[in-house]
Amino acid sequence: MMKTKIISLAIAASSMLASSCIGSFGLTNNILDWNKNVSNKWVNEIIFLPMACIVYPITGVVDVLVLNSVEFWTGTNPISKVGHEENVWGKDGKLYAVKTLKNGYQITRPTGEKIFFTYNKKNKSWSLEEEGKQTEIFRFNEDGTLKVVLPSGETMDVAANEQGAYQMRMALNEGVYFAQR
């Protein structure tokens with residue numbers, strides 16, 4: 001009976017892992033980051049050993065079954081660290097600093113200029129703020145579609161799937177595509 005439960009749990013966990021919602025493991029990584037910075041390497045190891053047997057398996061399961069799934073479907077991790085800053089290489093080959101805010105992200109260009117992507121919970125919308133000017137980029141409609149604001153100022157409703165992404169590309173590029181290498 002016990003073997004059947006363990007096998008069932010292993011199959012359920014495997015199916016969750018295979019669902020492409022890997023996520024960032026925010027809870028587990030937050031605890032691991034805390035553990036790494038407690039004291040010196042010996043104290044860190046002494047704290048790590050019991051946590052590896054008790055705490056990390058629990059946080060791992062919570063991340064896999066709940067938090068990473070929420071992150072996959074909403075695009076945000078409920079445990080993401082406010083104030084966390086990471087350097088990211090842009091497609092232009094330059095280094096950008098991305099800082100997590102309570103309601104979005106601050107991106108610092110290599111020139112020092114700051115851009116803000118912020119989420120408005122009340123309107124269910126994402127906006128871009130640059131040089132003091134705020135522009136809504138898109139909002140979530142009640143029916144699950146997105147209302148996207150085009151550079152011309154016009155809005156367009158698209159499905160939140162591959163077809164909607166294609167419609168957006170066509171609208172932004174006026175239906176013209178060029179091969180790129």
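In the block above lies the structure referred to throughout.
It should be emphasised that the depicted structure is a prediction, and the values quoted were computed from it without experimental measurement.

Structural notes on the overall build of the protein
Counting secondary structure elements, the protein contains five helices and eight strands. Its helices and strands taken in sequence order, the protein reads α-α-α-α-β-β-β-β-β-β-β-β-α from the N to the C terminus. Counting every position in the protein, which comprises 181 residues, the buried fraction comes to 19%. At a minimum sequence separation of 6, the contacts of the protein that also span at least 24 residues come to 19%. Counting every atom, the protein has about 13400 Å² of accessible surface; 61% of that belongs to carbon and sulfur.

Examining the layout of surface pockets
Of the volumes computed, that of the second largest pocket is approximately 240 Å³. Elements represented by at least two residues in the lining of the second largest pocket include exactly strand S7 (146-149) and helix H5 (162-172). Counting residues per element, the lining of the second largest pocket draws most heavily on H5, at four residues.

A word on the sheet that holds S7
Read across the sheet, eight strands follow the order S1-S2-S3-S4-S5-S6-S7-S8 without closing on themselves; strand pairing throughout is antiparallel. Two strands lie at the open edges of the sheet, namely strand S1 (85-89) and strand S8 (155-158), each paired on one side alone. Averaged over neighbouring strand pairs, the angle between their axes works out to 25° when direction is ignored. Across five bridges, S1 lies against strand S2 (residues 95-101) in antiparallel orientation. Bridged to asparagine 87 within S2 is alanine 97.

Side note on unusual backbone geometry
One non-glycine residue, lysine 124, lies in the positive phi region at around 55°. Positionally, lysine 124 belongs in the loop between strand S4 (114-120) and strand S5 (125-130). A residue is classified by how much of its surface remains accessible, and lysine 124, at 34% relative accessible area, is partly exposed. Positive phi, normally seen in glycine, also occurs at glutamate 131, with a value near 55°. Counting through the fold element by element, glutamate 131 comes out in the loop between S5 and strand S6 (133-140). Glutamate 131 gets classed as exposed once you look at its relative accessible area, which sits at 71%.

With respect to the environment of leucine 32
You can see leucine 32 is positioned in helix H2 (residues 26-36). Spatially, the C-alpha atom of leucine 32 lies 9.8 Å from that of alanine 52, the residues being 20 residues apart in sequence.

Notes on the side chain of threonine 145
As for its placement among the helices and strands, threonine 145 is situated in the loop between S6 and S7. A polar side-chain atom of threonine 145 sits 2.6 Å from a polar atom in the side chain of aspartate 143. Sequence-distant contacts of threonine 145, that is, excluding residues within four places in its chain, are made with Arg139, Phe140, Val158 and Ala159.

Observations regarding the side chain of glutamine 106
By secondary structure assignment, the location of glutamine 106 is in strand S3 (residues 104-108). Among residues more than four places away in sequence, those in contact with glutamine 106 are Ala97, Val98, Lys99, Leu101, Lys114, Ile115 and Phe116.

A look at a nonpolar patch on the surface
Residues Ile54, Ile58, Val61, Val62, Leu65, Val66 and Val70 make up a contiguous nonpolar surface patch of roughly 560 Å² in combined accessible area. Here valine 66 lies in helix H4 (residues 55-74). Residue class for valine 66 comes out partly exposed when judged on its relative accessible area of 44%.

What counts and how
- Residues numbered from 1 in each chain as written.
- Predicted model: local features only at pLDDT ≥ 70, side-chain atom pairs only at ≥ 80, totals over all residues.
- Heavy atoms only, no water.
- Helix = DSSP H or I, 4+ residues; strand = E, 2+ residues; numbered from the N terminus.
- Buried < 20%, exposed > 50% of the residue type's maximum accessible area, 1.4 Å probe, protein only.
- Contact = heavy atoms within 4.5 Å.
- Areas by Shrake-Rupley, 256 points an atom, 1.4 Å probe, with all protein chains shown as cover.
- 1 Å grid on protein atoms, 1.4 Å probe; cavity = no way out; pocket = protein on both sides within 12 Å on 5 of 7 lines; lining within 4 Å.
- Points joined across faces, edges and corners; volume = space filled by probe spheres on them.
- Pairing = 2+ DSSP bridges.
- Axes fitted to C-alpha atoms, helices over the stretch in contact; angles between N-to-C directions.
- Polar contact = N/O pair within 3.5 Å; in protein donor to acceptor, adjacent residues only side chain to side chain.
- Patch = residues over 30% accessible without salt bridge, like charges linked within 9 Å, V, L, I, M, F, W, Y side chains within 5 Å.
- Salt bridge = Lys/Arg side-chain N within 4 Å of Asp/Glu carboxyl O.

These figures capture arrangement, not role.
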